Amino acid sequence: KNAGKGCYRFWNDDFLKESTPDRMMIESLLREGIRQNQLVLHYQPIVEASTGKIRSLEALVRWNHPVKGMIPPDDFIPIAEETSLILQLDEWVIHEVVRQQSEWKRQGINLCPVSINISASHISLPSLLHTFETLVKGKPYLANFLQVEVTETAMMMDPDNATLILNQLFNIGVSSSIDDFGSGYTSLGYLKKLNADVLKIDRSFIDGITTDSFDHDVAKAIIALAVSMSMKVVAEGVENKEQWKMLKEFGCDYLQGYYFHRPMSSDKVYELLERHESV
Ligand code: C2E
Ligand code: CA
Ligand code: CA
Ligand code: CA
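In what follows, the accompanying structure is described. Small disclaimer: the values here were computed from a predicted structure and weren't measured.

**So, the layout of surface pockets**
Considered as a void within the structure, the largest pocket measures approximately 1600 Å³ in volume. Along the wall of the largest pocket there are 45 residues; nearest its centre are Pro73, Asp74, Asn117, Asp179 and Asp180. In terms of residues, the lining of the largest pocket owes the most to one element, strand E2 (residues 54-65), which gives five residues. For the lining of the largest pocket, a count of residues per class yields 18 nonpolar, twelve polar and 15 charged. Every residue lining the second largest pocket is counted, 15 residues in all, and those nearest its centre are Ser56, Gln147, Val198, Lys232 and Tyr254. Elements that contribute at least two residues to the lining of the second largest pocket include exactly E2, strand E5 (146-151), strand E6 (175-181), strand E7 (198-201) and strand E8 (232-236).

Rendered as structure tokens:
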């Protein structure tokens, strides 16, 4: 029963392959890793579709293991999600983004909003709201530069509580996106109630947007839907110019993908933002 998709993936990966660790061991390694500050955040720019200019960043966690090197989130988030460790991980990410934003502000750079991925088990907990409230209390400028992303599937696990928390976050200035939209099952009636500011179209549709008529039609329909509900739309996984052109035609507001920028270290993204501002 415990062999969730996280564990399965893990056995097929290089990480710790030789020692075939069980779930408990990975968990305790990760727990230790969080304590020893082995997690790092990379940042991927999100650009405006009409101009290609950077408008926000998404924080993406990696585990920089002293022996195994950089481990991608898909190899440890699913395991953390099976336990309460995910709450600690999310908390670490939120604190780290706040620390980084404060640092950028100190260095005099114009801040850029950063979105933070919040896991399913966290989104309906009042403690999430408290974390944000406490962090922005002493730094009122900060709230407008923090956003949360919650997957459509996570939202639908406990939509009423999740909506409540998102609304309360909105009230303190933290806006929200529905991530991986189109891959889950949200009824249209609910979409309105969820009251999020942004829809992020799942990458699986963007992949086929110029080659597959179904993906093309779905992406187009999602963008039209968002426009009619006064929501902004981000397309993720944009990898070429043709996709950019088509998404622009459909009226998509923002784009994220390797065609524009890959996720990068905080130093690299800082340089990029500085260069960006001076042009
Ligand atoms: P996601 O939230 O859907 O994040 C987008 C993923 O797509 C990232 O992978 C990003 O590097 C990748 N991506 C962006 N542009 C392109 C592109 O043009 N082509 C392709 N092929 N991929 C692209 P990453 O960083 O490996 O993250 C994977 C997932 O791990 C995330 O999916 C998210 O669900 C989870 N995750 C990442 N960071 C965090 C975090 O801090 N907290 C939590 N709870 N989950 C996280
Ligand atoms: Ca995301
Ligand atoms: Ca996504
Ligand atoms: Ca995803």
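**As for the environment of asparagine 195**
For asparagine 195, the position within the fold is in the loop between helix H9 (188-194) and E7. Take asparagine 195: its relative accessible area is 44%, and that puts it in the partly exposed class. In this structure the C-alpha to C-alpha distance between asparagine 195 and threonine 163, which are 32 residues apart in sequence, comes to 7.0 Å. Side-chain polar atoms of asparagine 195 contact the side chain of asparagine 167, separated by 3.0 Å.

**Considerations on the environment of aspartate 267**
Counting through the fold element by element, aspartate 267 comes out in helix H13 (residues 266-278). Expressed as a C-alpha distance, the spacing of aspartate 267 and histidine 42, which sit 225 residues apart in the sequence, is 9.4 Å.

**Points about the packing of aromatic side chains**
For the structure shown, the criterion picks out five aromatic pairs. Between tryptophan 244 and tyrosine 259 the ring centres are 6.0 Å apart and the planes differ by 55°, which places this aromatic pair in the tilted class. With tryptophan 244 in helix H12 (residues 241-250) and tyrosine 259 in the loop between strand E9 (254-256) and H13, this residue pair connects regions lying 15 residues apart in the sequence. The partly exposed category is assigned to tyrosine 259, whose relative accessible area is 32%. In this structure an aromatic cluster arises from ring pairing among Trp244, Tyr259 and Phe260.

**Some words on the coordination of the calcium ion (ligand 2)**
Distances from the calcium ion (ligand 2) to its protein donors, Glu58 (OE), Asn117 (OD1), Glu149 (OE) and Asp179 (OD), fall within 2.1 to 2.3 Å. All donors of the calcium ion (ligand 2) belong to a single chain; written as a sequence motif, their spacing is E-x58-N-x31-E-x29-D. Here the calcium ion (ligand 2) and the calcium ion (ligand 3) are spaced 3.9 Å apart, linked through aspartate 179, which binds each one. Taken together, the positions of glutamate 58 in strand E2 and asparagine 117 in strand E4 (residues 114-117) put the pair 59 residues apart, joining distant regions of the chain. A relative accessible area of 5% places glutamate 58 in the buried class. Residue asparagine 117 is classed as partly exposed on the basis of its relative accessible area of 26%.

**Side note on the nonpolar core**
The biggest cluster of nonpolar side chains holds 81 residues, and the ones touching the most others in it are Leu89 and Leu255. With residues near it in sequence (within four places) discarded, leucine 89 still touches Leu30, Ile34, Leu39, Val61, Phe76, Ile77 and Ala80.

**Structural notes on unusual backbone geometry**
Most of the time, phi is negative for any residue but glycine, and the peptide bond is trans. Positioned with a positive phi, asparagine 37 is a non-glycine residue whose angle comes to about 60°. The topology assignment puts asparagine 37 in the loop between helix H2 (23-35) and strand E1 (39-48). Judged by relative accessible area, which is 52%, asparagine 37 ranks as exposed. Even without being a glycine, asparagine 195 presents a positive backbone phi close to 60°.

**Regarding the coordination of the calcium ion (ligand 3)**
With distances of 2.3 to 2.5 Å, the protein atoms coordinating the calcium ion (ligand 3) are Asp179 (OD), Asp180 (OD), Glu236 (OE) and Glu236 (OE). A relative accessible area of 6% means that aspartate 179 is categorised as buried.

**Quick word on the pairing of E2**
Most of E2 is tucked away: ten of the twelve residues are buried. Here nine bridges tie E1 to E2, and the two strands are oriented antiparallel to one another. Within the sheet, the bridge partner assigned to proline 45 lies in E2 and is leucine 57. Following E1, the chain reverses through five residues before pairing antiparallel with E2; glycine 52 in that reversal takes a positive phi of roughly 80°. In this sheet, E4 lies alongside E2 in parallel orientation, the contact comprising three bridges. Paired with alanine 59 across the two strands is isoleucine 116, which belongs to E4.

**Let's talk about the packing of helix H11 (residues 213-228) against H12**
For any two helices packed against each other, one specifies the inter-axial angle together with the distance between the axes. Where H11 contacts H12, the axes come no closer than 9 Å and their chain directions differ by 40°. As judged from the angle between their axes, H11 and H12 are oblique. Crossing hand, H11 versus H12: right-handed. Listed contacts from H12 to His216, Ala219, Lys220 and Ile223 of H11 are Met246, Leu247 and Phe250. Among the residues forming the contact of H11 with H12, the class breakdown is five nonpolar, one polar and one charged.

The rules behind the values
- Residues numbered from 1 in each chain as written.
- Chains lettered and ligands numbered in written order.
- Predicted model: local features only at pLDDT ≥ 70, side-chain atom pairs only at ≥ 80, totals over all residues.
- Heavy atoms only, no water.
- 1 Å grid on protein atoms, 1.4 Å probe; cavity = no way out; pocket = protein on both sides within 12 Å on 5 of 7 lines; lining within 4 Å.
- Points joined across faces, edges and corners; volume = space filled by probe spheres on them.
- Helix = DSSP H or I, 4+ residues; strand = E, 2+ residues; numbered from the N terminus.
- Nonpolar A, V, L, I, M, F, W, Y, C, P; charged D, E, K, R; others polar.
- Buried < 20%, exposed > 50% of the residue type's maximum accessible area, 1.4 Å probe, protein only.
- Polar contact = N/O pair within 3.5 Å; in protein donor to acceptor, adjacent residues only side chain to side chain.
- Phe/Tyr/Trp six-rings, centres within 6.5 Å; stacked < 30°, edge-to-face > 60°.
- Donors = N, O, S within 2.8 Å, 3.2 Å for Na, K, Ca; no water.
- Core = buried A, V, L, I, M, F, W, Y, C linked by side-chain atoms within 4.5 Å.
- Contact = heavy atoms within 4.5 Å.
- Pairing = 2+ DSSP bridges.
- Axes fitted to C-alpha atoms, helices over the stretch in contact; angles between N-to-C directions.
- Parallel < 35°, antiparallel > 145°, perpendicular 65-115°, else oblique.
- Left-handed = near helix turned anticlockwise from the far one by under 90°.

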